Amino acid sequence: MSTPLLHSSFYRFWPVADPLALAGEVRAMAQGLTGLIVLAPEGINGAVAGAPEAVQAFETALQASGSLSDAARPLRFKRSTCVTPPFGRLKVSVKPEIVALDLPAAADLPAPDEHDASHLSPQAWRELMARDDVVLLDNRNHFEWRLGRFRGAVDPGVQHFRDFVAYVEAHAPAWRAAQRPVAMYCTGGVRCDKTAPWMRSLGLTVFQLDGGILNHLQTLPDAERDWEGECFVFDKRIALDARLQETGTAAEAVFDPALPDEAWRLARAKRLDEAG
């Protein structure tokens, strides 16, 4: 019986002086693995998959990289086993941002900080969700919320990230007036970290799930108490259950072809599947 592949996702907001040079270093570290990794002046964001010992070696090398290392702010890796190979090849690219959200007045916002005090452990997150005054806000696409979500989570109806911005701007005055804190979550945490400074600029109190959904499911053996449905993942596995196991859900069951934004996602998923 073959050893299951290991999937590892990670990100870090960290000033990178020469993303192109670092991309070369990371590409060398990841030889023998498949995955998608993005480097930018603001940091690194990616996921790799391969034999467990190869993934472990990559994580160790990346953690020790002089361009990204900081003992007080270690890189965090969210892991899950794979039956389906998640990626067809290794792609390491350089882009202007590790996650592009086109936030209003982005240049005037503080830098994201994935280690600040607004990040709650899965257990503390569970306790926060039990409060009646909290707005539990899903910071993902509508199709992701539709597939699975934390119990009681609000769906901003996002087909494009501008929909999230519009939703928050429309509701922020009422949330402020009622002194309702916002508990925000996304798949791995990077999208929330990028969004949180903007939301605070609107006068909102924002808490975040540390490491996102994946860390919650990885950490708590009874995560199904909080989570209903499946968690969409942006690779060939499509979706995971509350125990981070592949569900067998096909792309056709996730995306609505009647919606333009989801139609192209479905077409892309089919192309990736056919590419092997």
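Here, the structure is the one placed above.
Residues numbered from 1 in each chain as written. Predicted model: local features only at pLDDT ≥ 70, side-chain atom pairs only at ≥ 80, totals over all residues. Heavy atoms only, no water.

### Looking at the pattern of salt bridges
Going through the model one piece at a time under the given rule, you end up with 17 salt bridges. One salt bridge in this structure joins E97 and K194, with 2.7 Å as the shortest N-O distance. Of this pair, E97 sits in the loop between β5 (90-94) and β6 (119-120) while K194 sits in helix α6 (residues 190-201); the two residues are 97 residues apart in sequence, bridging distant segments of the chain. Linking R200 and D116 is a salt bridge whose minimum nitrogen-to-oxygen distance equals 3.9 Å. Highlighted residues: R200 in helix α6 and D116 in the loop between β5 and β6, separated in sequence by 84 residues. (Salt bridge = Lys/Arg side-chain N within 4 Å of Asp/Glu carboxyl O. Helix = DSSP H or I, 4+ residues; strand = E, 2+ residues; numbered from the N terminus.)

### Points about α6
Among the 12 residues in α6, 10 count as buried, and that is most of the element. Turning to α6, its buried residues number three or more, namely V190, R191, C192, D193, K194, T195, A196, P197, W198 and M199. Where α6 ends, the next residue or the one after it, G203, has phi of about 85°, a positive value. (Buried < 20%, exposed > 50% of the residue type's maximum accessible area, 1.4 Å probe, protein only.)

### Things to note about the sheet that holds strand β2 (residues 34-40)
With mixed pairing, the five strands of this open sheet are ordered in space as β4-β1-β3-β2-β5. Because the sheet does not close on itself, it has two edges, and the strands there are β4 (78-82) and β5. Pairwise comparison of adjacent strand axes, ignoring direction, gives a mean angle of 10° for this sheet. In this structure, β2 lies alongside β5, joined through five bridges in parallel fashion. Counterpart to V38 in the pairing with β5 is S93. Along the sheet, helix α1 (residues 19-29) contacts β2, β3 (43-50) and β5; its crossing angle with β5, the most-contacted strand, is approximately 165°. Against the sheet, α6 contacts β1 (5-13) and β3, and its axis sits at roughly 15° relative to β1. (Pairing = 2+ DSSP bridges. Axes fitted to C-alpha atoms, helices over the stretch in contact; angles between N-to-C directions. Contact = heavy atoms within 4.5 Å.)

### Some points on the environment of L103
Tracing the backbone shows L103 in the loop between β5 and β6. In this structure L103 comes out as buried when scored by relative accessible area, which is 9%. C-alpha separation for the pair L103 and Y185, spaced 82 residues apart in sequence, amounts to 17 Å. Once residues lying within four places of it in the same chain are set aside, the contact partners of L103 are L109, F161, V165, K194, T195 and W198.

### Description of the nonpolar core
By size, the foremost hydrophobic cluster in this structure holds 28 residues, and its most contacted members are L137, F164, V168, W175, M184, W198 and M199. Counting only elements with at least two residues in this core, the list comes to β1, β7 (135-138), α5 (161-177), β9 (182-185) and α6. A per-element tally of this core places α5 first, with seven residues. Apart from the residues lying within four places of it in its own chain, the contact partners of M184 are W125, L137, N139, F164, C192, T195, A196, M199, V206, F207, Q208 and L209. (Core = buried A, V, L, I, M, F, W, Y, C linked by side-chain atoms within 4.5 Å.)

### Focus: the side chain of D261
Counting through the fold element by element, D261 comes out in helix α8 (residues 260-275). Judged by its relative accessible area of 18%, D261 falls in the buried class. Side chain to side chain, D261 and R265 meet in a polar contact 3.3 Å long. (Polar contact = N/O pair within 3.5 Å; in protein donor to acceptor, adjacent residues only side chain to side chain.)

### Focus: the packing of aromatic side chains
Evaluation of the coordinates by the stated rule reveals 13 aromatic pairs. Ring centres 5.7 Å apart and planes at 50° place the aromatic pair F10 and F58 in the tilted group. Remark: F58 occurs in helix α2 (residues 52-64) and F10 occurs in strand β1; sequence separation between them is 48 residues. Judged by centre distance (5.3 Å) and plane angle (25°), the ring pair of F161 and F164 falls under stacked. Remark: F164 and F161 occur in helix α5; sequence separation between them is three residues, near one turn of the helix. Each member of the pair F161 and F164 is classed as buried. Following the ring pairs from residue to residue traces out a cluster consisting of W125, F150, Y185 and W227. Over the ring of W14 we find R12; its NZ or CZ atom is 4.9 Å from the centre of that ring. When the ring centre of W145 is taken as reference, the NZ or CZ atom of R149 above it lies at 4.3 Å. (Phe/Tyr/Trp six-rings, centres within 6.5 Å; stacked < 30°, edge-to-face > 60°. Lys NZ or Arg CZ within 6 Å of the ring centre and 35° of its normal.)

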